[in-house]
Amino acid sequence: MVDPITLIATWLTGVLSGWGLAPGLVTFILKLLGVVAVASFVLVLDIFLVWVERKTVARFQDRLGPNRLGPWGLVQPIADVIKLLIKEDITPVGADILVYNLAPILALATVLLLWAVIPFAPTILGTDINVGVLYIIAVGAIGTLGIIMAGWASNNKYALLGAFRTVAQMVSYEVPMVIILLVPVILARSMGINDIVDQQSVWYIVMAPLAAIIFFITSIAEIGRAPFDLTEAESEIVAGFHIEYTGMKFGLFYAGELLHALTVSALFSTLFLGGWRGPFAEQVPLLGVVYLFIKAFFMYWVIMWVKYTFPRIRIDHMLNFNWKLLTPLSLAVLIVTAILDKVMVGAPLWVYTLGMLAGNLVVGWITLTLLRRFARKERQRVVGEVRPVAVPPFVAAASSETSTSTTTP
Amino acid sequence: MTALQIIFILVAAMTLGAGLMVVTTRNLVHAALWLVLSLFGIAVFYVLLNAGFLAVAQVVIYIGAIAILMIFAIMLTRREAVDGTPKSQVNANWLWGLFISLVLFGGLIWIFSQWPGTSVVMPDLPAGLDPLRLLGQSLVSPNAYVLPFELASVLLLAALVGAIVVAWDRK
(Lines give C-alpha, C1' and ligand atoms only; values in the text may rest on other atoms or scores of the structure.)
Protein backbone atom coordinates (compact mmCIF):
# COMPACT_ATOMS: atom_id res chain seq x y z
CA MET A 1 0.00 0.00 0.00
CA VAL A 2 1.28 3.43 -0.95
CA ASP A 3 1.25 6.20 1.62
CA PRO A 4 -0.24 9.61 0.71
CA ILE A 5 3.10 11.45 1.03
CA THR A 6 4.77 9.30 -1.63
CA LEU A 7 1.60 9.59 -3.75
CA ILE A 8 1.70 13.39 -3.60
CA ALA A 9 5.45 13.40 -4.33
CA THR A 10 5.01 11.16 -7.41
CA TRP A 11 2.09 13.27 -8.63
CA LEU A 12 4.02 16.54 -8.18
CA THR A 13 7.04 15.08 -9.97
CA GLY A 14 4.77 14.24 -12.90
CA VAL A 15 3.19 17.71 -12.96
CA LEU A 16 6.49 19.60 -12.67
CA SER A 17 8.20 17.44 -15.29
CA GLY A 18 5.19 18.04 -17.52
CA TRP A 19 5.96 21.78 -17.32
CA GLY A 20 9.36 21.05 -18.83
CA LEU A 21 11.48 21.64 -15.72
CA ALA A 22 14.86 19.91 -15.44
CA PRO A 23 14.87 16.77 -13.25
CA GLY A 24 17.42 18.32 -10.87
CA LEU A 25 15.18 21.34 -10.35
CA VAL A 26 12.15 19.11 -9.76
CA THR A 27 14.04 17.19 -7.05
CA PHE A 28 15.11 20.50 -5.51
CA ILE A 29 11.54 21.83 -5.42
CA LEU A 30 10.25 18.56 -3.93
CA LYS A 31 12.95 18.58 -1.22
CA LEU A 32 12.13 22.23 -0.45
CA LEU A 33 8.43 21.43 -0.13
CA GLY A 34 9.32 18.48 2.12
CA VAL A 35 11.38 20.73 4.40
CA VAL A 36 8.57 23.29 4.59
CA ALA A 37 6.00 20.56 5.30
CA VAL A 38 8.03 18.85 8.07
CA ALA A 39 9.03 22.14 9.70
CA SER A 40 5.46 23.49 9.64
CA PHE A 41 4.04 20.23 10.99
CA VAL A 42 6.56 20.16 13.84
CA LEU A 43 6.03 23.84 14.68
CA VAL A 44 2.24 23.49 14.75
CA LEU A 45 2.72 20.46 16.96
CA ASP A 46 4.84 22.71 19.17
CA ILE A 47 1.82 24.97 19.91
CA PHE A 48 -0.09 21.87 20.97
CA LEU A 49 2.86 20.83 23.16
CA VAL A 50 2.41 23.95 25.29
CA TRP A 51 -1.06 22.70 26.16
CA VAL A 52 0.18 19.14 26.81
CA GLU A 53 2.95 20.42 29.06
CA ARG A 54 0.68 22.71 31.08
CA LYS A 55 -2.05 20.09 31.47
CA THR A 56 0.43 17.40 32.57
CA VAL A 57 2.26 19.58 35.07
CA ALA A 58 -1.14 20.60 36.46
CA ARG A 59 -2.07 16.96 37.05
CA PHE A 60 1.31 16.29 38.70
CA GLN A 61 0.72 19.26 41.01
CA ASP A 62 -2.93 18.37 41.71
CA ARG A 63 -4.37 21.26 39.71
CA LEU A 64 -6.61 21.47 36.66
CA GLY A 65 -4.41 23.49 34.33
CA PRO A 66 -5.80 25.63 31.48
CA ASN A 67 -9.54 24.92 31.28
CA ARG A 68 -11.32 28.15 30.26
CA LEU A 69 -10.64 28.69 26.55
CA GLY A 70 -12.17 26.05 24.31
CA PRO A 71 -12.81 22.42 25.26
CA TRP A 72 -10.32 21.34 27.98
CA GLY A 73 -8.53 24.65 27.47
CA LEU A 74 -7.31 23.58 24.03
CA VAL A 75 -7.41 27.12 22.60
CA GLN A 76 -5.26 28.48 25.46
CA PRO A 77 -1.88 28.04 23.65
CA ILE A 78 -3.20 30.07 20.68
CA ALA A 79 -4.01 32.89 23.09
CA ASP A 80 -0.53 32.51 24.59
CA VAL A 81 1.06 32.84 21.15
CA ILE A 82 -0.97 35.98 20.38
CA LYS A 83 0.06 37.45 23.74
CA LEU A 84 3.73 36.73 23.01
CA LEU A 85 3.44 38.26 19.55
CA ILE A 86 1.93 41.57 20.71
CA LYS A 87 4.24 42.03 23.70
CA GLU A 88 6.79 44.83 23.60
CA ASP A 89 10.11 43.74 22.15
CA ILE A 90 12.87 45.07 24.41
CA THR A 91 16.54 45.04 23.53
CA PRO A 92 18.65 45.68 26.64
CA VAL A 93 21.15 48.53 26.73
CA GLY A 94 24.61 47.40 25.74
CA ALA A 95 23.39 44.24 24.05
CA ASP A 96 25.15 42.97 20.98
CA ILE A 97 22.21 43.50 18.62
CA LEU A 98 23.08 41.05 15.84
CA VAL A 99 24.19 38.18 18.10
CA TYR A 100 21.30 38.92 20.48
CA ASN A 101 18.73 38.50 17.70
CA LEU A 102 20.47 35.56 16.05
CA ALA A 103 20.57 33.42 19.22
CA PRO A 104 16.83 32.54 19.57
CA ILE A 105 16.64 31.67 15.87
CA LEU A 106 19.63 29.36 16.22
CA ALA A 107 18.15 27.76 19.34
CA LEU A 108 14.91 26.80 17.57
CA ALA A 109 16.42 26.04 14.16
CA THR A 110 18.83 23.44 15.52
CA VAL A 111 15.90 21.56 17.06
CA LEU A 112 14.11 21.58 13.70
CA LEU A 113 17.29 20.30 12.00
CA LEU A 114 17.11 17.11 14.08
CA TRP A 115 13.78 16.17 12.46
CA ALA A 116 15.56 15.86 9.10
CA VAL A 117 16.99 12.44 9.99
CA ILE A 118 14.09 10.90 11.95
CA PRO A 119 12.27 8.34 9.79
CA PHE A 120 8.49 8.72 10.29
CA ALA A 121 7.57 5.54 8.44
CA PRO A 122 9.30 3.00 6.16
CA THR A 123 8.66 5.24 3.15
CA ILE A 124 8.34 8.65 4.80
CA LEU A 125 11.72 9.98 5.84
CA GLY A 126 13.45 13.30 5.43
CA THR A 127 16.92 12.20 4.47
CA ASP A 128 18.87 9.00 5.04
CA ILE A 129 22.49 9.99 5.61
CA ASN A 130 24.95 7.27 6.57
CA VAL A 131 26.28 9.30 9.53
CA GLY A 132 22.90 10.07 11.10
CA VAL A 133 23.96 9.36 14.68
CA LEU A 134 26.94 11.69 14.43
CA TYR A 135 24.73 14.30 12.76
CA ILE A 136 22.56 14.39 15.91
CA ILE A 137 25.64 15.19 18.01
CA ALA A 138 26.81 17.86 15.57
CA VAL A 139 23.44 19.61 15.53
CA GLY A 140 23.35 19.51 19.34
CA ALA A 141 26.73 21.26 19.38
CA ILE A 142 25.34 24.11 17.26
CA GLY A 143 22.43 24.38 19.72
CA THR A 144 24.92 24.92 22.56
CA LEU A 145 26.41 27.74 20.51
CA GLY A 146 23.00 29.45 20.32
CA ILE A 147 22.65 29.45 24.10
CA ILE A 148 26.18 30.80 24.63
CA MET A 149 25.42 33.57 22.13
CA ALA A 150 22.21 34.47 23.98
CA GLY A 151 23.98 34.56 27.33
CA TRP A 152 26.88 36.63 26.12
CA ALA A 153 24.97 39.11 23.96
CA SER A 154 22.39 39.99 26.64
CA ASN A 155 24.88 42.14 28.60
CA ASN A 156 23.61 40.69 31.86
CA LYS A 157 25.64 38.90 34.50
CA TYR A 158 22.91 36.36 35.24
CA ALA A 159 22.59 35.54 31.57
CA LEU A 160 26.37 35.10 31.36
CA LEU A 161 26.37 32.84 34.42
CA GLY A 162 23.62 30.79 32.81
CA ALA A 163 25.70 30.49 29.66
CA PHE A 164 28.72 29.32 31.71
CA ARG A 165 26.63 26.64 33.36
CA THR A 166 25.24 25.62 29.99
CA VAL A 167 28.69 25.12 28.52
CA ALA A 168 29.81 23.12 31.55
CA GLN A 169 26.73 20.94 31.38
CA MET A 170 26.23 20.41 27.66
CA VAL A 171 29.88 19.86 26.80
CA SER A 172 30.25 17.40 29.69
CA TYR A 173 27.12 15.39 28.97
CA GLU A 174 27.99 15.23 25.29
CA VAL A 175 30.85 12.84 26.18
CA PRO A 176 28.81 9.92 27.62
CA MET A 177 26.14 10.60 24.97
CA VAL A 178 28.60 10.16 22.11
CA ILE A 179 30.02 7.02 23.70
CA ILE A 180 26.66 5.45 24.41
CA LEU A 181 25.29 6.23 20.94
CA LEU A 182 27.94 3.82 19.65
CA VAL A 183 26.04 0.94 21.27
CA PRO A 184 23.05 1.06 18.87
CA VAL A 185 25.59 1.65 16.08
CA ILE A 186 27.39 -1.58 17.03
CA LEU A 187 24.11 -3.48 17.29
CA ALA A 188 22.83 -2.22 13.92
CA ARG A 189 26.27 -2.15 12.23
CA SER A 190 25.39 1.22 10.74
CA MET A 191 25.37 4.88 11.71
CA GLY A 192 22.33 5.62 9.57
CA ILE A 193 19.16 6.17 11.62
CA ASN A 194 17.05 4.39 9.02
CA ASP A 195 19.26 1.29 9.16
CA ILE A 196 19.09 1.31 12.96
CA VAL A 197 15.29 1.22 12.77
CA ASP A 198 15.36 -1.49 10.10
CA GLN A 199 17.56 -3.71 12.28
CA GLN A 200 15.32 -3.47 15.35
CA SER A 201 13.23 -6.62 15.02
CA VAL A 202 13.97 -6.73 18.76
CA TRP A 203 13.84 -3.28 20.31
CA TYR A 204 17.26 -2.14 21.43
CA ILE A 205 15.94 -1.25 24.88
CA VAL A 206 15.83 -5.04 25.45
CA MET A 207 19.35 -5.62 24.10
CA ALA A 208 20.88 -2.51 25.67
CA PRO A 209 18.81 -1.26 28.62
CA LEU A 210 21.79 0.44 30.25
CA ALA A 211 22.59 2.31 27.05
CA ALA A 212 18.96 3.41 26.83
CA ILE A 213 18.98 4.73 30.41
CA ILE A 214 22.27 6.58 29.94
CA PHE A 215 21.09 8.07 26.64
CA PHE A 216 17.87 9.18 28.35
CA ILE A 217 19.72 10.86 31.24
CA THR A 218 22.23 12.58 28.98
CA SER A 219 19.53 13.80 26.62
CA ILE A 220 17.58 15.30 29.54
CA ALA A 221 20.81 17.08 30.47
CA GLU A 222 21.28 18.22 26.86
CA ILE A 223 17.82 19.80 26.72
CA GLY A 224 18.46 21.40 30.10
CA ARG A 225 15.31 20.19 31.84
CA ALA A 226 14.89 19.43 35.53
CA PRO A 227 16.75 17.94 37.37
CA PHE A 228 19.44 19.38 35.06
CA ASP A 229 17.90 22.85 34.68
CA LEU A 230 20.54 24.73 36.64
CA THR A 231 21.27 26.67 33.45
CA GLU A 232 18.06 28.59 34.17
CA ALA A 233 17.73 28.05 37.93
CA GLU A 234 15.25 30.77 38.87
CA SER A 235 16.22 30.82 42.56
CA GLU A 236 19.90 31.44 41.80
CA ILE A 237 20.32 33.18 38.45
CA VAL A 238 16.72 34.33 37.78
CA ALA A 239 16.23 32.74 34.37
CA GLY A 240 19.72 32.18 33.05
CA PHE A 241 20.55 32.82 29.44
CA HIS A 242 17.11 34.04 28.32
CA ILE A 243 16.56 36.54 31.15
CA GLU A 244 16.59 39.60 28.88
CA TYR A 245 14.42 38.21 26.09
CA THR A 246 10.83 39.39 25.76
CA GLY A 247 7.87 38.61 23.57
CA MET A 248 8.33 36.20 20.69
CA LYS A 249 12.11 36.02 21.12
CA PHE A 250 11.53 34.46 24.50
CA GLY A 251 8.78 32.46 22.81
CA LEU A 252 11.33 30.97 20.41
CA PHE A 253 13.47 29.76 23.33
CA TYR A 254 10.39 28.38 25.07
CA ALA A 255 9.13 26.67 21.93
CA GLY A 256 12.64 25.38 21.26
CA GLU A 257 12.85 23.83 24.72
CA LEU A 258 9.46 22.10 24.45
CA LEU A 259 10.14 20.91 20.93
CA HIS A 260 13.61 19.73 21.92
CA ALA A 261 12.03 17.56 24.61
CA LEU A 262 9.70 15.97 22.06
CA THR A 263 12.58 15.65 19.59
CA VAL A 264 14.81 13.72 21.98
CA SER A 265 11.77 11.60 22.85
CA ALA A 266 11.36 10.82 19.15
CA LEU A 267 15.11 10.11 18.89
CA PHE A 268 14.94 7.80 21.91
CA SER A 269 11.96 6.01 20.36
CA THR A 270 13.82 5.71 17.07
CA LEU A 271 17.06 4.43 18.57
CA PHE A 272 15.77 2.20 21.35
CA LEU A 273 12.00 1.63 20.94
CA GLY A 274 11.95 0.54 17.32
CA GLY A 275 10.92 3.87 15.75
CA TRP A 276 7.96 3.38 13.42
CA ARG A 277 7.94 -0.40 13.92
CA GLY A 278 4.70 -1.98 15.06
CA PRO A 279 2.01 -4.35 13.81
CA PHE A 280 1.13 -3.76 10.12
CA ALA A 281 3.42 -0.70 9.91
CA GLU A 282 5.19 -2.10 6.85
CA GLN A 283 1.92 -2.63 4.95
CA VAL A 284 0.30 0.66 5.98
CA PRO A 285 3.07 3.27 6.29
CA LEU A 286 0.78 5.85 7.91
CA LEU A 287 0.44 3.51 10.91
CA GLY A 288 4.22 3.87 11.38
CA VAL A 289 3.83 7.61 11.88
CA VAL A 290 1.16 6.92 14.50
CA TYR A 291 3.37 4.37 16.30
CA LEU A 292 6.35 6.73 16.29
CA PHE A 293 4.32 9.56 17.81
CA ILE A 294 2.70 7.29 20.40
CA LYS A 295 6.17 6.18 21.53
CA ALA A 296 7.55 9.73 21.35
CA PHE A 297 4.70 11.16 23.43
CA PHE A 298 5.10 8.36 25.97
CA MET A 299 8.80 9.28 26.36
CA TYR A 300 7.80 12.96 26.50
CA TRP A 301 5.50 12.07 29.38
CA VAL A 302 8.37 10.26 31.13
CA ILE A 303 10.56 13.36 30.70
CA MET A 304 7.82 15.50 32.26
CA TRP A 305 7.39 12.92 35.02
CA VAL A 306 11.11 13.16 35.81
CA LYS A 307 11.00 16.96 35.56
CA TYR A 308 8.19 17.43 38.06
CA THR A 309 9.43 14.73 40.46
CA PHE A 310 13.11 15.41 41.05
CA PRO A 311 14.53 18.54 42.67
CA ARG A 312 17.27 20.47 40.90
CA ILE A 313 20.72 18.88 41.10
CA ARG A 314 23.63 20.93 42.48
CA ILE A 315 26.36 21.90 40.02
CA ASP A 316 29.18 19.90 41.66
CA HIS A 317 26.89 16.88 41.91
CA MET A 318 25.95 17.35 38.27
CA LEU A 319 29.60 17.29 37.17
CA ASN A 320 30.53 14.44 39.53
CA PHE A 321 27.59 12.40 38.29
CA ASN A 322 28.71 12.87 34.72
CA TRP A 323 32.46 12.41 34.98
CA LYS A 324 32.65 9.86 37.79
CA LEU A 325 29.63 7.71 36.99
CA LEU A 326 28.12 8.18 33.52
CA THR A 327 31.35 8.43 31.51
CA PRO A 328 33.09 5.36 33.00
CA LEU A 329 29.83 3.42 32.95
CA SER A 330 29.16 4.22 29.30
CA LEU A 331 32.73 3.18 28.43
CA ALA A 332 32.22 -0.10 30.29
CA VAL A 333 28.89 -0.72 28.55
CA LEU A 334 30.46 0.03 25.16
CA ILE A 335 33.37 -2.39 25.79
CA VAL A 336 31.07 -5.15 27.06
CA THR A 337 28.71 -4.69 24.11
CA ALA A 338 31.56 -4.79 21.59
CA ILE A 339 33.10 -7.94 23.14
CA LEU A 340 29.74 -9.74 23.43
CA ASP A 341 28.95 -8.79 19.84
CA LYS A 342 32.19 -10.41 18.65
CA VAL A 343 31.70 -13.49 20.87
CA MET A 344 28.13 -14.08 19.71
CA VAL A 345 28.75 -13.55 16.01
CA GLY A 346 26.49 -15.87 14.02
CA ALA A 347 24.34 -16.78 17.03
CA PRO A 348 20.55 -16.94 16.59
CA LEU A 349 18.66 -13.76 17.45
CA TRP A 350 17.21 -14.93 20.76
CA VAL A 351 20.64 -16.08 22.04
CA TYR A 352 22.13 -12.76 20.93
CA THR A 353 19.37 -10.78 22.64
CA LEU A 354 19.54 -12.76 25.89
CA GLY A 355 23.35 -12.57 25.91
CA MET A 356 23.30 -8.79 25.47
CA LEU A 357 20.63 -8.44 28.15
CA ALA A 358 22.64 -10.61 30.56
CA GLY A 359 25.79 -8.58 29.89
CA ASN A 360 23.90 -5.37 30.62
CA LEU A 361 22.41 -6.82 33.80
CA VAL A 362 25.86 -7.86 35.07
CA VAL A 363 27.32 -4.40 34.38
CA GLY A 364 24.30 -2.78 36.02
CA TRP A 365 24.58 -5.02 39.10
CA ILE A 366 28.31 -4.27 39.48
CA THR A 367 27.58 -0.53 39.16
CA LEU A 368 24.87 -0.67 41.82
CA THR A 369 27.13 -2.66 44.18
CA LEU A 370 29.96 -0.16 43.78
CA LEU A 371 27.56 2.74 44.28
CA ARG A 372 26.13 1.16 47.43
CA ARG A 373 29.62 0.61 48.85
CA PHE A 374 30.57 4.21 48.01
CA ALA A 375 27.39 5.57 49.61
CA ARG A 376 27.98 3.52 52.77
CA LYS A 377 31.53 4.82 53.04
CA GLU A 378 30.34 8.38 52.47
CA ARG A 379 27.63 8.02 55.14
CA GLN A 380 30.17 6.63 57.62
CA ARG A 381 32.51 9.52 56.91
CA VAL A 382 29.77 12.10 57.45
CA VAL A 383 28.44 10.39 60.58
CA GLY A 384 31.96 9.93 61.97
CA GLU A 385 32.74 13.63 61.63
CA VAL A 386 29.70 15.30 63.18
CA ARG A 387 26.92 13.99 65.37
CA PRO A 388 23.66 14.00 63.45
CA VAL A 389 21.48 14.72 66.51
CA ALA A 390 22.15 16.81 69.58
CA VAL A 391 22.28 14.61 72.68
CA PRO A 392 22.35 15.98 76.27
CA PRO A 393 25.85 15.51 77.75
CA PHE A 394 24.78 13.25 80.62
CA VAL A 395 22.94 10.91 78.27
CA ALA A 396 25.92 10.82 75.93
CA ALA A 397 28.29 10.09 78.85
CA ALA A 398 26.02 7.36 80.20
CA SER A 399 25.61 5.55 76.91
CA SER A 400 28.87 6.33 75.16
CA GLU A 401 29.47 2.78 73.96
CA THR A 402 25.87 2.23 72.81
CA SER A 403 25.69 5.57 70.97
CA THR A 404 28.76 4.79 68.88
CA SER A 405 27.24 1.49 67.88
CA THR A 406 23.95 3.13 66.90
CA THR A 407 25.42 5.97 64.88
CA THR A 408 27.50 3.70 62.68
CA PRO A 409 25.15 1.86 60.38
CA MET B 1 27.86 26.30 -14.92
CA THR B 2 26.38 23.49 -12.89
CA ALA B 3 24.48 23.85 -9.63
CA LEU B 4 27.45 22.30 -7.82
CA GLN B 5 29.76 25.04 -9.09
CA ILE B 6 27.35 27.80 -8.08
CA ILE B 7 27.08 26.36 -4.57
CA PHE B 8 30.85 25.99 -4.41
CA ILE B 9 31.45 29.62 -5.38
CA LEU B 10 28.86 30.92 -2.91
CA VAL B 11 30.22 28.82 -0.05
CA ALA B 12 33.82 29.66 -0.92
CA ALA B 13 32.98 33.37 -0.87
CA MET B 14 31.24 32.91 2.50
CA THR B 15 34.16 30.98 3.96
CA LEU B 16 36.77 33.46 2.75
CA GLY B 17 34.70 36.46 3.80
CA ALA B 18 34.16 35.01 7.26
CA GLY B 19 37.87 34.20 7.48
CA LEU B 20 38.68 37.81 6.61
CA MET B 21 36.28 39.03 9.29
CA VAL B 22 38.01 36.80 11.86
CA VAL B 23 41.26 38.74 11.47
CA THR B 24 39.78 42.20 10.92
CA THR B 25 36.99 42.45 13.49
CA ARG B 26 38.03 44.09 16.76
CA ASN B 27 35.57 42.25 18.99
CA LEU B 28 37.03 38.91 20.10
CA VAL B 29 33.69 37.13 20.51
CA HIS B 30 32.62 38.31 17.07
CA ALA B 31 35.90 36.97 15.69
CA ALA B 32 35.16 33.59 17.26
CA LEU B 33 31.65 33.58 15.79
CA TRP B 34 32.99 34.47 12.34
CA LEU B 35 35.43 31.59 12.77
CA VAL B 36 32.46 29.32 13.39
CA LEU B 37 30.91 30.45 10.09
CA SER B 38 34.21 29.89 8.30
CA LEU B 39 34.60 26.39 9.75
CA PHE B 40 31.01 25.64 8.79
CA GLY B 41 31.86 26.59 5.22
CA ILE B 42 34.65 23.99 5.26
CA ALA B 43 32.09 21.40 6.41
CA VAL B 44 29.92 22.30 3.41
CA PHE B 45 32.93 21.65 1.13
CA TYR B 46 33.21 18.14 2.58
CA VAL B 47 29.52 17.59 1.84
CA LEU B 48 30.06 18.75 -1.75
CA LEU B 49 32.86 16.17 -2.03
CA ASN B 50 30.53 13.37 -0.84
CA ALA B 51 32.52 13.07 2.42
CA GLY B 52 29.60 13.19 4.85
CA PHE B 53 31.54 11.71 7.75
CA LEU B 54 34.29 14.31 7.51
CA ALA B 55 31.69 17.08 7.26
CA VAL B 56 29.90 15.99 10.41
CA ALA B 57 33.19 15.37 12.23
CA GLN B 58 34.28 18.88 11.23
CA VAL B 59 31.14 20.34 12.81
CA VAL B 60 31.44 18.19 15.95
CA ILE B 61 35.12 18.86 16.57
CA TYR B 62 35.70 22.37 15.28
CA ILE B 63 32.35 24.04 16.04
CA GLY B 64 31.15 21.83 18.89
CA ALA B 65 34.41 21.61 20.78
CA ILE B 66 37.12 24.04 19.66
CA ALA B 67 35.01 27.12 18.83
CA ILE B 68 32.90 26.74 21.97
CA LEU B 69 36.06 26.33 24.06
CA MET B 70 37.47 29.51 22.50
CA ILE B 71 34.29 31.49 23.20
CA PHE B 72 34.24 30.11 26.73
CA ALA B 73 37.85 31.15 27.31
CA ILE B 74 37.12 34.63 25.91
CA MET B 75 34.07 35.00 28.15
CA LEU B 76 36.18 34.15 31.20
CA THR B 77 38.35 37.20 30.50
CA ARG B 78 37.28 40.85 30.66
CA ARG B 79 33.71 41.81 29.82
CA GLU B 80 34.92 44.17 27.11
CA ALA B 81 36.66 41.69 24.85
CA VAL B 82 37.28 44.47 22.35
CA ASP B 83 40.55 45.72 20.95
CA GLY B 84 39.96 49.41 21.63
CA THR B 85 43.32 50.80 20.52
CA PRO B 86 42.95 53.19 17.58
CA LYS B 87 46.13 51.89 15.94
CA SER B 88 45.87 50.25 12.55
CA GLN B 89 45.55 46.48 12.62
CA VAL B 90 48.71 45.76 10.63
CA ASN B 91 52.20 45.62 12.10
CA ALA B 92 55.49 46.62 10.54
CA ASN B 93 56.01 43.32 8.73
CA TRP B 94 52.81 43.38 6.66
CA LEU B 95 54.77 43.77 3.42
CA TRP B 96 56.74 40.59 4.12
CA GLY B 97 53.55 38.78 5.09
CA LEU B 98 51.88 39.85 1.84
CA PHE B 99 54.93 38.76 -0.16
CA ILE B 100 55.13 35.30 1.43
CA SER B 101 51.40 34.67 1.12
CA LEU B 102 51.43 35.74 -2.54
CA VAL B 103 54.38 33.43 -3.25
CA LEU B 104 52.67 30.52 -1.50
CA PHE B 105 49.38 31.21 -3.32
CA GLY B 106 51.14 31.48 -6.66
CA GLY B 107 53.03 28.26 -6.00
CA LEU B 108 49.83 26.41 -5.15
CA ILE B 109 48.13 27.75 -8.29
CA TRP B 110 51.12 26.66 -10.37
CA ILE B 111 51.12 23.14 -8.88
CA PHE B 112 47.38 22.76 -9.41
CA SER B 113 47.64 23.98 -13.00
CA GLN B 114 50.13 21.14 -13.64
CA TRP B 115 47.80 18.55 -12.13
CA PRO B 116 45.39 16.97 -14.65
CA GLY B 117 42.74 16.28 -11.98
CA THR B 118 41.45 19.86 -11.95
CA SER B 119 39.71 19.56 -15.31
CA VAL B 120 38.05 16.21 -14.52
CA VAL B 121 34.35 16.27 -13.63
CA MET B 122 33.75 14.59 -10.25
CA PRO B 123 32.34 11.10 -10.91
CA ASP B 124 29.38 9.87 -8.89
CA LEU B 125 30.09 7.31 -6.18
CA PRO B 126 29.38 3.78 -7.45
CA ALA B 127 26.14 2.37 -6.05
CA GLY B 128 26.51 0.09 -3.03
CA LEU B 129 29.80 1.64 -1.98
CA ASP B 130 29.87 2.63 1.70
CA PRO B 131 32.71 5.12 2.13
CA LEU B 132 32.20 5.20 5.88
CA ARG B 133 32.74 1.44 6.20
CA LEU B 134 35.82 1.62 3.95
CA LEU B 135 37.22 4.45 6.07
CA GLY B 136 36.66 2.50 9.27
CA GLN B 137 38.24 -0.65 7.87
CA SER B 138 41.26 1.14 6.50
CA LEU B 139 41.83 2.84 9.87
CA VAL B 140 42.28 -0.54 11.59
CA SER B 141 43.70 -2.56 8.70
CA PRO B 142 47.40 -3.44 8.97
CA ASN B 143 47.75 -2.87 5.22
CA ALA B 144 46.46 0.67 5.52
CA TYR B 145 46.58 3.23 8.30
CA VAL B 146 46.58 1.26 11.55
CA LEU B 147 50.01 2.53 12.66
CA PRO B 148 49.39 6.28 12.24
CA PHE B 149 45.91 5.83 13.69
CA GLU B 150 47.18 4.07 16.81
CA LEU B 151 50.06 6.53 17.18
CA ALA B 152 47.62 9.42 17.08
CA SER B 153 45.46 7.62 19.65
CA VAL B 154 48.43 7.14 21.99
CA LEU B 155 49.38 10.79 21.55
CA LEU B 156 45.85 11.93 22.44
CA LEU B 157 45.80 9.57 25.42
CA ALA B 158 49.09 11.03 26.62
CA ALA B 159 47.61 14.51 26.27
CA LEU B 160 44.58 13.42 28.32
CA VAL B 161 46.75 11.94 31.07
CA GLY B 162 48.92 15.05 30.99
CA ALA B 163 45.88 17.30 31.39
CA ILE B 164 44.78 15.29 34.44
CA VAL B 165 48.28 15.47 35.95
CA VAL B 166 48.42 19.23 35.42
CA ALA B 167 44.98 19.75 36.94
CA TRP B 168 45.53 17.28 39.81
CA ASP B 169 45.04 18.90 43.19
CA ARG B 170 47.76 17.31 45.35
CA LYS B 171 46.99 17.64 49.02
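For the structure, check the block above.
Reference entry: report on the structure contained in this document. Residue positions are counted from 1 within each chain, in the order its sequence is given. To label them, take the chains in the order written and letter them from A, then take the ligands in the order written and number them from 1. pLDDT decides what is reported in this predicted model: residues at 70 or higher carry local features, side-chain atom pairs at 80 or more are listed and counted, and totals for whole chains, interfaces and linings draw on all residues regardless. With hydrogens and water excluded, all non-hydrogen atoms of the structure serve as input to the side-chain values.

A few words now on unusual backbone geometry. Residue and element names in this part refer to chain A. Of note in this structure, Asp-62 is not a glycine but carries a positive phi near 60°. Structurally, Asp-62 can be placed in the loop between helix 2 (23-60) and helix 3 (76-86). In this model, Asn-155 sits at a positive phi of 55°, which is unusual for a non-glycine residue. Every helix listed is a DSSP run of H or I at least four residues long, and every strand listed is a run of E at least two residues long, numbered separately from the N terminus.

Here we come to the interface of chain A and chain B. In this assembly, 24 residues from chain A lie in contact with 24 residues from chain B. The quantity reported as buried area is the accessible area (1.4 Å probe) lost by two parts once they are put together, taken as the sum for both. At the boundary of chain A with chain B, total buried surface from both sides reaches about 2000 Å², with 79% on carbon and sulfur atoms. Sorting the residues of chain A by area buried against chain B places Leu-145, Trp-152 and Phe-164 of chain A first, and these three jointly supply 29% of that buried surface. Every case where a carboxyl oxygen of Asp or Glu lies within 4 Å of a side-chain nitrogen of Lys or Arg is listed as a salt bridge. Viewed at the interface, chain B and chain A are joined by zero salt bridges. For the side of chain A that touches chain B, the element with the most residues is helix 5 (residues 132-153) of chain A, which contributes eleven residues. Amino acids outside the nonpolar list (Ala, Val, Leu, Ile, Met, Phe, Trp, Tyr, Cys, Pro) and the charged list (Asp, Glu, Lys, Arg) are all regarded as polar, and Gly is one of them. Residues of the side of chain A that touches chain B, tallied by class, amount to 18 nonpolar, four polar and two charged. By the convention used here, residues are in contact when the closest approach between their heavy atoms is within 4.5 Å.

All names here are of chain A. Using a grid of 1 Å spacing that covers the protein atoms alone, one calls a set of points a cavity when a 1.4 Å probe fits there but cannot get out, and a pocket when the set is open and has protein on both sides within 12 Å along at least five of seven lines; lining residues are those with an atom within 4 Å of a point. Grid points are joined across faces, edges and corners, and a volume is the space filled by probe spheres set on the points. According to the stated counting rule, one finds one cavity of 30 Å³ or more in the structure shown. Looking at the largest cavity, the residues that line it are Leu-114, Ile-136, Ile-137, Gly-140, Ala-141, Glu-174, Met-177, Phe-215, Glu-222, His-260, Val-264 and Leu-267. Among the elements of the structure, helix 5, helix 6 (157-188), helix 9 (209-223) and helix 11 (247-272) are those that each provide at least two residues to the lining of the largest cavity. Per-element tally for the lining of the largest cavity: the top contributor is helix 5, with four residues. Residue composition of the lining of the largest cavity, grouped by class: eight nonpolar, two polar and two charged.

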